[in-house]
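The residues making up each chain are set out below.
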Amino acid sequence: MPTALITGATAGLGAAFARRLAGESCSLVLVARDEARLAEIAGQLKLRYGVSVEVLPADLTTEEGLAAVESRVREGVDVLVNNAGFGNRGHFPEVPAADEVRMLRLHCEAVLRLTLAALPGMRKRDRGAIVNVASVAAFFTRGTYSASKAWVVNFSESAANEVGNPRIKIMALCPGFVRTEFHQRAGMDTAGIPGFLWLKADDVVREGLRDLALGKRVSVPDLRYKVIVAVGRLVPRGLQRYVSSRIGR
């Protein structure tokens, strides 16, 4: 049975990836900070899907936590899902620098180091898959969050190109607004976000994994967001910045 390691696995897209991959008979390694929630979700997945589920409590914004997950990844995983992430409360430049650096460490350094930890084993086995969860925000200007996710997209495409092996797939997944705990934790006012823009986590994961199987290096799930990204590339940057600043504040 292939083994999939998922970070940020206790809620939202991470939990949806866990359900989907367990349904495809993958053994799971679930990573998150909350040990109690990890144990609860692991029990549910074992009971429902009959797969092996290992839990690894770790805070990827700390050296200790990141090193522990790096070590587990080096032991061998067939699928790596770098999903853990958060948004800061407040706007640049009012957010404390320490909080911004913490976010960059999770969105950028952790993605880089876990990808590097996974690749030697995947190259040796001549197969593997890495999904780095970015965001549609990567294509727009929304402070340091969008900047960090733009890095994830660029890094994923660059890594896939450098590895140059179609049997080792590396993809950035760029969802739009998804019904998860993310916005509440970030203190975002979502009242102004139109209902039609909201996506379901399970739908995002299903479409993302389909794009991964097709060999895409960047996946933007759902036709609505494909259109938004395409149009965003055509409109003047000033208008793009104005719209971005008004949605989801």
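Residues numbered from 1 in each chain as written. Predicted model: local features only at pLDDT ≥ 70, side-chain atom pairs only at ≥ 80, totals over all residues. Heavy atoms only, no water.

As recorded in an unreviewed UniProt entry, the chain goes by Oxidoreductase and comes from Nonomuraea coxensis DSM 45129. UniProt annotates the chain under Sequence similarities (unreviewed entry) with the comment "Belongs to the short-chain dehydrogenases/reductases (SDR) family." (UniProt positions renumbered as here; feature names shortened; annotations may be inferred.)

J.: Sorry, what's going on with the pairing of strand β4 (residues 79–82) here?
T.: In regular strands, side chains alternate between the two faces of the sheet. Of the two faces of β4, the one carrying Val79 and Val81 and the one carrying Leu80 and Asn82 are both buried. Two elements, strand β1 (residues 3–7) and β4, share three bridges in a ladder whose sense is parallel. Across the sheet, isoleucine 6 pairs through a bridge with valine 81, a residue of β4. For β4 and strand β5 (residues 128–133), the ladder comprises four bridges, and the chain directions are parallel. Counted as the bridge partner of asparagine 82 is asparagine 132 from β5. (Buried < 20%, exposed > 50% of the residue type's maximum accessible area, 1.4 Å probe, protein only. Helix = DSSP H or I, 4+ residues; strand = E, 2+ residues; numbered from the N terminus. Pairing = 2+ DSSP bridges.)

J.: Help me understand the pattern of salt bridges, please; the structure alone is not making it clear to me.
T.: If you walk through the whole model with that rule in mind, you get 19 salt bridges. Glutamate 70 is the partner of arginine 113 in a salt bridge, and the nearest nitrogen-oxygen pair spans 2.7 Å. Of the two residues, arginine 113 sits in helix α4 (residues 97–125) while glutamate 70 sits in helix α3 (residues 63–74), which places them 43 residues apart along the sequence. Owing to a relative accessible area of 15%, arginine 113 belongs among the buried residues under this scheme. According to the relative accessible area criterion, glutamate 70 is buried, its value standing at 9%. Its salt-bridge partner being aspartate 126, residue arginine 167 comes within 3.1 Å of it at the nearest N-O pair. With arginine 167 in the loop between α5 (143–163) and β6 (168–173) and aspartate 126 in the loop between α4 and β5, this residue pair connects regions lying 41 residues apart in the sequence. Classification of arginine 167 by relative accessible area gives partly exposed; the value is 49%. (Salt bridge = Lys/Arg side-chain N within 4 Å of Asp/Glu carboxyl O.)

J.: How do you make sense of the sheet that holds β4 when you look at a structure like this?
T.: By way of backbone hydrogen bonds, the strands of a sheet pair with one another, either parallel or antiparallel. If you trace the seven strands from one edge of the open sheet to the other, you get β3-β2-β1-β4-β5-β6-β7, paired in parallel fashion. For this open sheet the edge positions go to β3 (53–57) and β7 (218–219), each flanked by a neighbour on one side alone. Pairing of β6 with β7, which is carried by two bridges, proceeds in the parallel orientation. Counted as the bridge partner of alanine 172 is valine 218 from β7. Each of β1, β2 (27–32), β4, β5 and β6 touches helix α1 (residues 12–23); the most contacted strand, β1, lies at about 170 degrees to it. (Contact = heavy atoms within 4.5 Å. Axes fitted to C-alpha atoms, helices over the stretch in contact; angles between N-to-C directions.)

J.: Looking at this structure, how should I read the packing of α1 against helix α7 (residues 201–213)?
T.: Angle between the axes and distance between the axes are the two parameters that describe a pair of packed helices. For the pair α1 and α7, the least separation of the axes is 9 Å and the interaxial angle reads 60 degrees. On the basis of their axis angle, the class for α1 and α7 is oblique. Of the two elements, α1 crosses α7, and the hand of that crossing is right-handed. Between α1 and α7, the residues in contact are Gly12, Leu13, Ala16, Phe17, Arg19, Arg20 and Leu21 and Ala201, Asp202, Val204, Val205, Arg206 and Leu209, respectively. Looking at side-chain class alone, the contact of α1 with α7 contains eight nonpolar, one polar and four charged residues. (Parallel < 35°, antiparallel > 145°, perpendicular 65-115°, else oblique. Left-handed = near helix turned anticlockwise from the far one by under 90°. Nonpolar A, V, L, I, M, F, W, Y, C, P; charged D, E, K, R; others polar.)

J.: Which parts of the structure should I look at to understand the packing of aromatic side chains?
T.: Two numbers describe a pair of aromatic rings. These are the distance of the centres and the angle of the planes. Enumeration according to the criterion identifies two aromatic pairs in this entry. With centroids separated by 4.8 Å and ring planes inclined at 5 degrees, the aromatic side chains of tryptophan 151 and phenylalanine 155 adopt a geometry described as stacked. Placement of the pair is tryptophan 151 and phenylalanine 155 together in helix α5, with a separation of four residues, close to one helical turn. With relative accessibility at 31%, the residue tryptophan 151 sits in the partly exposed group. With 5.6 Å between their ring centres and 50 degrees between their planes, phenylalanine 177 and tryptophan 198 make a pair best called tilted. In this pair, phenylalanine 177 is assigned in the loop between β6 and α6 (182–185) and tryptophan 198 in the loop between α6 and α7, connecting sequence segments 21 residues apart. (Phe/Tyr/Trp six-rings, centres within 6.5 Å; stacked < 30°, edge-to-face > 60°.)

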